[in-house]
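These are the residues of each chain, in order.
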Amino acid sequence: MIRNNDYPIIRPSDAVAWSECIRRVWLDNKGELDHEQTEDAFDQLVKDRGLKHEQQVLKLLHEEYDIQEATSVEHTQLLIAQETEVIYQAQLKNDDEGFIGYPDFLIRNKSGEYQPADAKLSLSEKKKSIQIQLGFYRKQLGVELPAIVFLGDGSKAEIGAEANKITEKFINEMRLLLADKQEPSVRYSHSKCSTCPYHDYCKPKFEAKEELSLIYGIQGRAAEGLEKIGIKSITELANINYENLPDVPYLKGSLKKKRAVFQAQAYLDGSIHKIAPINLPKGTWIHFDIEDYALTMDGNKHVYLWGFLVSSSSGNEFEYVWTDKEDEDKRGWIAFLKMIEKYRSIYNDLVLAHFSQHERSTIRLYAERYDMLENETVAYLLGQDSPLFDMQKPVLESLVLPIQSYGLKDICKHPELVNFQWQDADSNGAWSIVKYDHFLNEKDVVRREILKKEILMYNKDDVKATLRLEEWLRSDELNKN
Ligand code: SF4
């Protein structure tokens, strides 16, 4: 069928890529790049879990409604005309507008109109891409009724007219974007680009032009501000005296500017800059790291491993609290608190070193989950004289390093920095979630034990890494004069 206008095809599924990066959605649609969509084990696990959730919703709806599965756009129209109660895997097409959408369900309201509905693993319907997708289906159907989202924790939410604005923005911008033959110009974003399938295509181009946003701490608005005052490349930034650099958006104040210029120098020559003395608390240090699993049945993350590295004159002892399944969540938490009390009773100068805010915020989350904010051990952990010490803090406060992201692995794996290597080079947070998921589903006792050992080895490496980071921060190399 010929459309009445030249609108490009827009799919609500594009909302995810569009929310991340407009170049990504442009490349997805133009499809001229010969890149391989690599899906790692974690992506596959999330996908499988999403399908499982959809099947659970389908089963629930079956208990209440007559459900028919649509096989095409025409079949969907036929099922609508037949007033089918629930249409599963509906296919909607609006030729004039160039819209194609696939809501998981169309549910017939008592008014006779259909409400679009999707099963989402997310715990909130507020996510931009969810608002757009469901808003898009409402527009396709031309209904005022709210769309329904079956969330990952089993709850149900509605999306109504409040999503119209962002949906229209998405449609209008997508039309302009897809009408353009030129690839859109964007900034580098390490968090987005490092996991994007077009990374190997885009990164060399950013590097070739010495794009300023390649520098840690320089985001789009700051890069734009620098360009406006004539600093257009990393070399130009590296060569400027930071004291002469005027304020630009998101790059104000002497310290930020100093960091930016040093970061540009570090990018170019691999140099390490110490910008303040390194302050580490005195006491007996125990290194601490947790592993959690968010793909639980109720959507509440489950900490399955609380790991500690205790150093003594006889060596480093790895101690931990482990739980075999999410039903043991509270038992694990209580055992963790007992572990803390044990260390507290032995060391009155305890320092519980971890990396980033994740451990502290998880302890707070658990204290709230089990209504234990008043608990004595919790008060000790979260109070004014807390033994918790975030090791990312001295790094960020005192050093500028030749890296693009200040994560534990970025700092520790770098051969010119800490140079600590994990025994399994491919292991990371997502890897451990996949392993724990396999552990949960594995029936064979021996294989389960192997999986547990692998996860324990990974966690032990994490706490060893923070110990090596501590040693590096105390080293003469970083503390001379
Ligand atoms: S690598 Fe970065 S810039 Fe390129 S498409 Fe992906 S997110 Fe966008």
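You'll find the structure just up there.
I will try to describe carefully the structure that is included in this document. A quick note: this is a predicted structure, and the numbers were derived from the prediction, not measured. (Residues numbered from 1 in each chain as written. Predicted model: local features only at pLDDT ≥ 70, side-chain atom pairs only at ≥ 80, totals over all residues. Heavy atoms only, no water.)

**What about the side chain of arginine 49?**
The condition that has to hold: Elements are defined by DSSP. Helices are runs of H or I of four residues or more, strands are runs of E of two residues or more, and each kind is numbered from the N terminus. Only protein chains enter the area calculation, which uses a 1.4 Å probe; residues under 20% of their type maximum are buried, those over 50% are exposed, and those in between are partly exposed. Residue contacts are defined here by distance: any two heavy atoms, one from each residue, within 4.5 Å place the two residues in contact.
Within the secondary structure, arginine 49 is located in helix α3 (residues 41-62). For arginine 49, a relative accessible area of 14% corresponds to the buried category. Not counting residues within four places of it along the chain, the set of residues in contact with arginine 49 comprises Leu121, Tyr293, Leu295 and Asp437.

**Points about the pairing of strand β13 (residues 350-354)**
Side chains on a regular strand alternate between the two faces of the sheet. Rule in force here: Strands were regarded as paired on the criterion that DSSP finds at least two bridges between them.
In terms of residue burial, β13 counts as a mostly covered element, since five of its five residues are buried. Judged by which residues are buried, β13 turns out to be covered on both faces: Leu350, Leu352 and His354 on one side and Val351 and Ala353 on the other are all buried. The pairing of strand β10 (residues 284-293) with β13 spans four bridges and is parallel. What sits directly across from isoleucine 286, in β13, is leucine 352.

**Some thoughts on the packing of aromatic side chains**
Here is the rule we go by: Pairing of aromatic side chains here covers Phe, Tyr and the six-membered ring of Trp, requires ring centres within 6.5 Å, and sorts the geometry by plane angle: under 30 degrees stacked, over 60 edge-to-face, intermediate tilted.
In this structure the tally under the stated criterion is 28 aromatic pairs. Consider the rings of phenylalanine 288 and phenylalanine 308, whose centres lie 5.2 Å apart with planes at 10°: the pair is stacked. With a gap of 20 residues between them, phenylalanine 288 in strand β10 and phenylalanine 308 in strand β11 (residues 302-312) connect regions that are remote in the sequence. Seen in terms of ring centroids, tryptophan 333 and tyrosine 366 are 5.5 Å apart; in terms of plane orientation they differ by 45°. Their pairing is tilted.

**Brief notes about the site of the ligand**
For clarity, the threshold we go by: A molecule or strand has a residue near it when one of that residue's heavy atoms lies within 4 Å. Throughout, the ten residues Ala, Val, Leu, Ile, Met, Phe, Trp, Tyr, Cys and Pro are labelled nonpolar, Asp, Glu, Lys and Arg are labelled charged, and all others, Gly among them, are labelled polar.
In the region of the ligand, the neighbouring residues are Cys21, Arg24, Val186, Cys193, Cys196, Tyr198, His199, Cys202 and Phe206. Per element, the largest residue contribution to the shell around the ligand is three residues, and it comes from helix α8 (residues 199-208). In the shell around the ligand, the residues fall into seven nonpolar, one polar and one charged.

**Remarks on the layout of surface pockets**
The condition that has to hold: Detection works on a 1 Å grid of protein atoms alone, calling trapped sets that fit a 1.4 Å probe cavities and calling open sets with protein on both sides within 12 Å along at least five of seven lines pockets, with lining residues defined by an atom within 4 Å of a point. Grid points are joined across faces, edges and corners, and a volume is the space filled by probe spheres set on the points.
Volume-wise, the second largest pocket comes out at about 320 Å³. Residue lining of the second largest pocket: Tyr216, Gly217, Gln219, Tyr250, Leu251, Leu255, Lys256, Arg259, Ala260, Ile275, Leu396 and Glu397, and that is the complete set. Listed by contribution, the elements that provide at least two residues to the lining of the second largest pocket are α11 (254-269) and α15 (392-398). Ranked by residues supplied to the lining of the second largest pocket, first place goes to α11 with four residues. Across the lining of the second largest pocket, the residue classes tally to seven nonpolar, two polar and three charged.

**Some remarks on the environment of glutamate 125**
Note the cut-off: Polar contacts, as counted here, are pairs of nitrogen or oxygen atoms within 3.5 Å of one another; within protein the pair requires one atom able to donate a hydrogen and one able to accept it, and residues that are adjacent in sequence qualify only if both atoms are side-chain atoms.
Structurally, glutamate 125 is set in the loop between β6 (114-119) and α5 (128-141). Spatially, the C-alpha atom of glutamate 125 lies 7.7 Å from that of glutamate 158, the residues being 33 residues apart in sequence. Here glutamate 125 is in contact with Ile130, Gln131, Val149, Leu151, Ala157, Glu158 and Ile159, once residues within four sequence places are set aside. In terms of polar contacts, glutamate 125 uses its side chain to reach the side chain of lysine 126, at 3.3 Å.

**Side note on the sheet that holds strand β14 (residues 388-390)**
Two pairing modes exist for strands in a sheet, parallel and antiparallel, and in both the strands are linked by backbone hydrogen bonds. Convention followed: Helix axes are fitted to C-alpha atoms over the stretch in contact, other axes to C-alpha atoms as well, and angles between N-to-C directions run from 0 to 180 degrees.
Spatial ordering of the open sheet is given by β12-β11-β10-β13-β14, a layout of five strands whose pairing is mixed. Taken across any chain shown, the strands that pair with only one partner, and hence form the sheet edges, are β12 (315-322) and β14. Across the sheet, the axes of successive neighbouring strands diverge by a mean angle of 30°, strand direction being ignored. Docked against the sheet, helix α13 (residues 358-369) engages β10, β11, β13 and β14, running at close to 65° with respect to β10. Packing against the sheet, helix α17 (residues 429-441) makes contact with β10, β11 and β12, and its axis sits at approximately 65° to β10.

**What to know about helix α12 (residues 329-346)**
Condition: Given a helix with a known number of residues, its expected span is that number minus one, times 1.5 Å. Think of the arc as the fan of directions from the helix axis to the C-beta atoms.
Its 18 residues place the ends of α12 26 Å apart at the C-alpha level, agreeing with the 26 Å of an ideal helix rising 1.5 Å per residue. Burial in α12 covers these residues: Asp329, Gly332, Trp333, Phe336, Leu337, Met339, Ile340 and Tyr343. When α12 is viewed along its axis, its buried side chains cluster within an angular range of 155° and face the same direction. Turned more than 90 degrees from where α12 packs its buried face, Lys338, Ser345 and Ile346 sit exposed.

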